[in-house]
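Chain by chain, the residues run as shown.
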Amino acid sequence: MRTWFFSAKQVIWCLLTCLAVGIYLGTGSELPLPVLREATLPAISGLTIVIDPGHGGDDPGAVSVKGDLEKDITLAIAEELEYLLRKAAVFAVVVRRGDYDLADSSETNLLKRKRQDLDRRVALAKEAQADLFISIHANFFPSPIWYGAQTFYYPGRPEDERLAKAIQAELVRHLGPNKRQALPGDFRVLREAGMPAVLIEVGFLSNPKEAALLSERGYQKRVAAAIFDGILRYYSAANSL
Ligand SMILES: [Zn+2]
């Protein structure tokens, strides 16, 4: 005789399926990544995107306890992002390609040097008539407990905010649990850019675990892929952020 009782295994499978469908529907009109890529790649081809790997030369940026330098990590991620953008037929301009800054070598005043360096990064983006300006940095805090990537935009600029939120959503999705949200920030390069601009702190070099990850090529590629997908999401017509 046929029985209508379900096995525990069947019940668990049913619950898991319902949960998965619920999570998917709960994401609203956010497109799954493969669909997003297929739908949006043609829309970004032909764009000019400037990538700004933070620091360089005499300015190492933040330094982890093990001696990992922010300037090396930002350059490595910038190169990975450039590779992904070029593959998508985007004209990617990286403002520095090695261990140097953009200030005059004759300028010895550190403050003036820093200002000149930052202004020249922005000037390159303006010259290139860039569609977006993406600045890459790594964070540092006196306490080692903080972790997680975070994206900043200049306050009061809705397009910049939308770009920052799209990138932040992908950083969280690609890199794992992270409750950080896109936030306004008064950074010189964002203020002066003149096009949608964001500054991404890709993680905390003060957190030993995250510092070790950020120094791995594989993780750097994952960060770059997250930023790339964030840019796609920004240009996606179905953007629900
Ligand atoms: Zn920095």
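A short tour of the structure in this document, coming up.

The rules behind the values
- Residues numbered from 1 in each chain as written.
- Predicted model: local features only at pLDDT ≥ 70, side-chain atom pairs only at ≥ 80, totals over all residues.
- Helix = DSSP H or I, 4+ residues; strand = E, 2+ residues; numbered from the N terminus.
- Buried ≥ 20, exposed ≤ 12 C-beta atoms within 10 Å, placed from the backbone.
- Contact = placed C-beta atoms within 7 Å.
- Pairing = 2+ DSSP bridges.
- Axes fitted to C-alpha atoms, helices over the stretch in contact; angles between N-to-C directions.
- Parallel < 35°, antiparallel > 145°, perpendicular 65-115°, else oblique.
- Left-handed = near helix turned anticlockwise from the far one by under 90°.
- Nonpolar A, V, L, I, M, F, W, Y, C, P; charged D, E, K, R; others polar.
- Expected span 1.5 Å × (residues − 1).

The subject of this paragraph is the overall build of the protein. Secondary structure summary: the protein contains eight helices and six strands in total. Along the protein, helices (α) and strands (β) appear in the sequence α-α-β-α-β-α-β-β-α-β-α-β-α-α when read from the amino end. Per-residue burial over the protein gives 40% buried out of 241 residues. Within the protein, residue pairs in contact and separated by at least 24 positions form 78% of the contacts whose partners lie at least 6 positions apart.

This paragraph deals with unusual backbone geometry. Phi is positive for His-55, close to 65 degrees, though the residue is something other than glycine. Structurally, the position occupied by His-55 is in the loop between strand E1 (48-53) and helix H3 (70-87). Within the chain, Gln-129 stands out as a residue other than glycine whose phi angle is a positive 50 degrees. Gln-129 gets classed as exposed once you count the C-beta atoms within 10 Å, which come to 10.

A word on the pairing of strand E3 (residues 132-139). Taking burial as the measure, the eight residues of E3 include eight buried ones, the bulk of the element. Two strands pair when backbone bridges link them, and E1 and E3 are joined in this way by five bridges, in the parallel orientation. Paired with Pro-53 across the strands is Ile-136, a residue of E3. As paired elements, E3 and strand E6 (residues 197-204) share six bridges and run parallel to each other. Residue pairing in the sheet places Ile-134 in a bridge with Val-198 of E6.

Moving on to the packing of H3 against helix H8 (residues 217-235). Look at H3 against H8: their axes get within 8 Å of each other, and the N-to-C directions meet at 50 degrees. Viewed along their axes, H3 and H8 adopt a mutual orientation that is oblique. By crossing handedness, the relation of H3 to H8 is classed as right-handed. Note on element contacts: H8 touches H3 through Gln-220, Lys-221, Val-223, Ala-224, Ala-225, Ile-227 and Phe-228, opposite Ala-76, Ile-77, Glu-80, Leu-81, Leu-84 and Leu-85.

In this section: the sheet that holds E6. Read across the sheet, six strands follow the order E2-E1-E3-E6-E4-E5 without closing on themselves; strand pairing throughout is mixed. In this open sheet, the two edge strands, each paired with only one partner strand, are strand E2 (91-94) and strand E5 (183-184). The pairing of strand E4 (residues 150-153) with E6 spans three bridges and is classified as antiparallel. Along E6, the bridge assignment pairs Thr-151 with Ile-200. Against the sheet, helix H5 (residues 158-175) makes contact with E3, E4 and E6, and its axis sits at roughly 175 degrees relative to E4, the strand it touches most.

As a packed pair, H5 and H8 sit with axes 7 Å apart at the nearest point and diverge in direction by 140 degrees. Classified by the interaxial angle, the pair formed by H5 and H8 is oblique. Seen from above, H5 lies across H8 with right-handed handedness. Contacts between H5 and H8 involve Arg-162, Leu-163, Ala-166, Ile-167, Ala-169, Glu-170, Leu-171, His-174 and Leu-175 from the former and Arg-222, Val-223, Ala-225, Ala-226, Ile-227, Asp-229, Gly-230, Arg-233 and Tyr-234 from the latter. Class assignment for the residues of the contact of H5 with H8 results in eleven nonpolar, two polar and five charged.

Structurally, the position occupied by Thr-74 is in helix H3. Distance from Thr-74 to Leu-214, taken between C-alpha atoms, is 9.3 Å for residues 140 residues apart in sequence. Sequence-distant contacts of Thr-74, that is, excluding residues within four places in its chain, are made with Pro-53, Gly-54, His-55, Ile-136, His-137 and Ala-138.

Moving on, we get to the environment of Gly-230. Along the chain, the position of Gly-230 falls in helix H8. Residue classification places Gly-230 among the buried residues on the basis of 27 C-beta atoms within 10 Å. With 61 residues separating them along the chain, Gly-230 and Ala-169 place their C-alpha atoms 7.1 Å apart.

All right, on to H5 then. End to end, H5 covers 25 Å across 18 residues, agreeing with the expected 26 Å (1.5 Å per residue, within 8%). Regarding H5, the residues found buried are Asp-160, Glu-161, Leu-163, Ala-164, Lys-165, Ala-166, Ile-167, Gln-168, Ala-169, Glu-170, Leu-171 and Leu-175. Structurally, H5 contributes buried residues whose contacts are with E3, E4, E6 and H8. Gly-176 lies just past H5 and shows a positive phi near 105 degrees.

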